[in-house]
Amino acid sequence: MDGLSVTAEPPSGSTARKLSSGIAEYIEYPDSRPDSWYDWRWQLKNRITSLEVIRDLIPLTRREEEGIKRAQGRLAMAITPYFFSLIDRQDQKCPIRKQAVPRLEEFTLSSCELVDPCGEDSHSPVPGLVHRYPDRALLIVNDSCAMYCRYCTRRRMVGAEHPPMPSDRFEDAYKYIKSKKTIRDVLISGGDPLMMKTEHLEGYLRKLRSIPHLEMIRLGTRVPVTLPMRVDEELVTMLRKYHPLYMSIHFSHPKEITPEVTKACGMLADAGIPLGSQTVLLRGINDRPTVMKKLMHELLKIRVRPYYIYQCDMAMGTGHFRTPVSVGINIMEELRGHTTGYAVPTFVIDAPGGGGKIPVTPTYLISQAKGRMTLRNYENKIYNYVEPD
Ligand SMILES: *Cc1c(COP(=O)(O)O)cnc(C)c1O
Ligand code: SF4
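Residues numbered from 1 in each chain as written. Chains lettered and ligands numbered in written order. Predicted model: local features only at pLDDT ≥ 70, side-chain atom pairs only at ≥ 80, totals over all residues. Heavy atoms only, no water.

Peer 1: Can you explain the site of ligand 2? Please cite residues and give values.
Peer 2: In the vicinity of ligand 2, the residues found are Cys145, Met147, Tyr148, Cys149, Cys152, Gly191, Arg222 and His250. When each cavity is represented as a set of grid points, ligand 2 is found to reside in the largest pocket. Class assignment for the residues of the shell around ligand 2 results in five nonpolar, two polar and one charged. (Near = heavy atom within 4 Å. 1 Å grid on protein atoms, 1.4 Å probe; cavity = no way out; pocket = protein on both sides within 12 Å on 5 of 7 lines; lining within 4 Å. Sits in = over half its atoms within 2 Å of the grid points. Nonpolar A, V, L, I, M, F, W, Y, C, P; charged D, E, K, R; others polar.)

Set out below in structure tokens:
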């Protein structure tokens, strides 16, 4: 077993009861948490994966209960006790809860929804590698995550928790990258690459680093948010050997920025890893400009530079999370000029079918004729700019 994951079967019967009552106590009374709570191995071992356990922790709505039942064997559900502890149990609309607990709506499909919403499988020259842009490639190394987001765009492939890509498959991807001199940037994603054992991930990084034309490596992860204790000295000491290494961390809501996450991001930033954020625009979770602005500010405070806000992909059963595109444009309007430029990410739609990320922005160029441009600023004041003859 090469991944970090330690749960194979959901706990059953009396064990489940005993287990969940222990977790319930730790969740309710932070002072009762044993040291092991802060150990990622314990967090993974005690992930919440069954209806029985979750029912003991919060009173579920009928839609949630039905959703969890139907998800079993079809869509992955796992929540670290740490991430679960961020749920406000008094609030059925809690943004953490909505991201983590399945609901019946996930089984309402619409005809526009796609199994592979960003056309990744059709742009894959070798298994595990998506090569869409000439100069960079996406390497999908595993299918495990610490917590399974209910809106996951890769839900077609995550959750089985197979071991990470076997070495012969990695070898094929490596050979492809090595043979394509145009590739200067490899983005390692999954699943979640930080769910791999440190030495296994290091094996990939070392091998990739040996490719002369590869200028930089990026890791795409949500582990610093859902299992922040995974970011330990051992991991950070390993990662810092492979600079220039960048990291894109998936954040959804200001509530996710806890002391634990602050510490994890601080360690990564101190190791010289430039941190960016990726946020999916989600209905009822972060679709209000005040919430999104607060998230962007909190990210800058922990040295994470907002990178992308994604329009929610047309993935199967995620219609209840999607907003109109205008909601995202309005959020951008409320950010640009109204706050620090560093707090303003790019709002993109990852084009269905594989066109890549397309930026969608409010319009500031009102008209353009004979070298004269009419612009508006963030306060809707009009300005003219005259181009050289
Ligand atoms: C997002 C993505 C990238 C990286 O895109 P950037 O805009 O450079 O961050 C590369 N390849 C694929 C397939 C992607 O989906
Ligand atoms: S962390 Fe990413 S890959 Fe994993 S479930 Fe969430 S969105 Fe999907």
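Peer 1: Pulling in residues and values, what's your account of the sheet that holds strand β11 (residues 372–376)?
Peer 2: Within a beta sheet, neighbouring strands are joined by backbone hydrogen bonds and run either parallel or antiparallel to one another. Spatial ordering of the open sheet is given by β10-β11-β12, a layout of three strands whose pairing is antiparallel. The open sheet has two edge strands with one neighbour each: β10 (365–369) and β12 (382–386). Each adjacent strand pair in this sheet contributes to an overall mean axis angle of 15°, direction not counted. With four bridges joining them, β10 and β11 adopt antiparallel strand pairing. Residue Ala369 lies in a different strand from β11, and its bridge partner there is Arg372. (Pairing = 2+ DSSP bridges. Helix = DSSP H or I, 4+ residues; strand = E, 2+ residues; numbered from the N terminus. Axes fitted to C-alpha atoms, helices over the stretch in contact; angles between N-to-C directions.)

Peer 1: Report on the environment of Val344, specifying residues and quantitative values.
Peer 2: On the secondary structure map, Val344 appears in the loop between α13 (325–335) and β8 (346–351). What makes Val344 buried here is its relative accessible area of 6%. Residues Val344 and Arg305, spaced 39 residues apart in sequence, show a C-alpha to C-alpha distance of 8.7 Å. If we skip the residues at most four places from it in the chain, Val344 touches Arg305, Met332, Leu335, Arg336 and Thr339. (Buried < 20%, exposed > 50% of the residue type's maximum accessible area, 1.4 Å probe, protein only. Contact = heavy atoms within 4.5 Å.)

Peer 1: How would you summarise the layout of surface pockets if you had to cite specific residues and measurements?
Peer 2: Computed from the structure, the largest pocket encloses a volume of approximately 990 Å³. What lines the largest pocket is a set of 44 residues, and nearest its centre among them are Thr153, Arg154, Ser189, Gln278 and Tyr310. Partitioned by chemical class, the residues of the lining of the largest pocket number 22 nonpolar, twelve polar and ten charged. (Points joined across faces, edges and corners; volume = space filled by probe spheres on them.)

Peer 1: Give a description of the packing of aromatic side chains that names residues and reports values.
Peer 2: For the coordinates displayed, the defined rule picks out eight aromatic pairs. Consider the rings of Trp37 and Trp42, whose centres lie 5.7 Å apart with planes at 45°: the pair is tilted. Neither residue differs from the other here; Trp37 and Trp42 are each classed as buried. Both rings, one in Phe170 and one in Tyr174, keep their centres 6.4 Å apart while their planes meet at 20°; by these two values the pair is stacked. With Phe170 and Tyr174 both in helix α7 (residues 167–179) and four residues apart, the pair spans about one turn of that helix. Considered together, Phe170 and Tyr174 belong to a single accessibility category, that of buried residues. Sitting over the ring of Trp37, Arg33 keeps its end group 4.2 Å from the ring centre. Over the face of the ring belonging to Trp40 we find Arg41, whose NZ or CZ atom lies 4.2 Å from the ring centre. (Phe/Tyr/Trp six-rings, centres within 6.5 Å; stacked < 30°, edge-to-face > 60°. Lys NZ or Arg CZ within 6 Å of the ring centre and 35° of its normal.)

Peer 1: Hey, could you go over the sheet that holds strand β3 (residues 185–189) for me, with residue numbers and the actual values?
Peer 2: The nine strands lie next to each other as β1-β2-β3-β4-β5-β6-β7-β8-β9, forming an open sheet whose pairing is mixed. Looking along the sheet, the strands with just one partner apiece sit at the ends: β1 (129–133) and β9 (356–359). The mean inter-strand angle of the sheet, taken between neighbouring strand axes irrespective of direction, is 30°. In this structure, β3 lies alongside strand β4 (residues 216–221), joined through four bridges in parallel fashion. Among the inter-strand pairings, Val186 is bridged to a residue of β4, identified as Ile217. Strands in contact with helix α12 (residues 289–301) are β6 (275–280) and β7 (304–310); relative to β7, the strand with the most contacts, it is inclined by about 150°.

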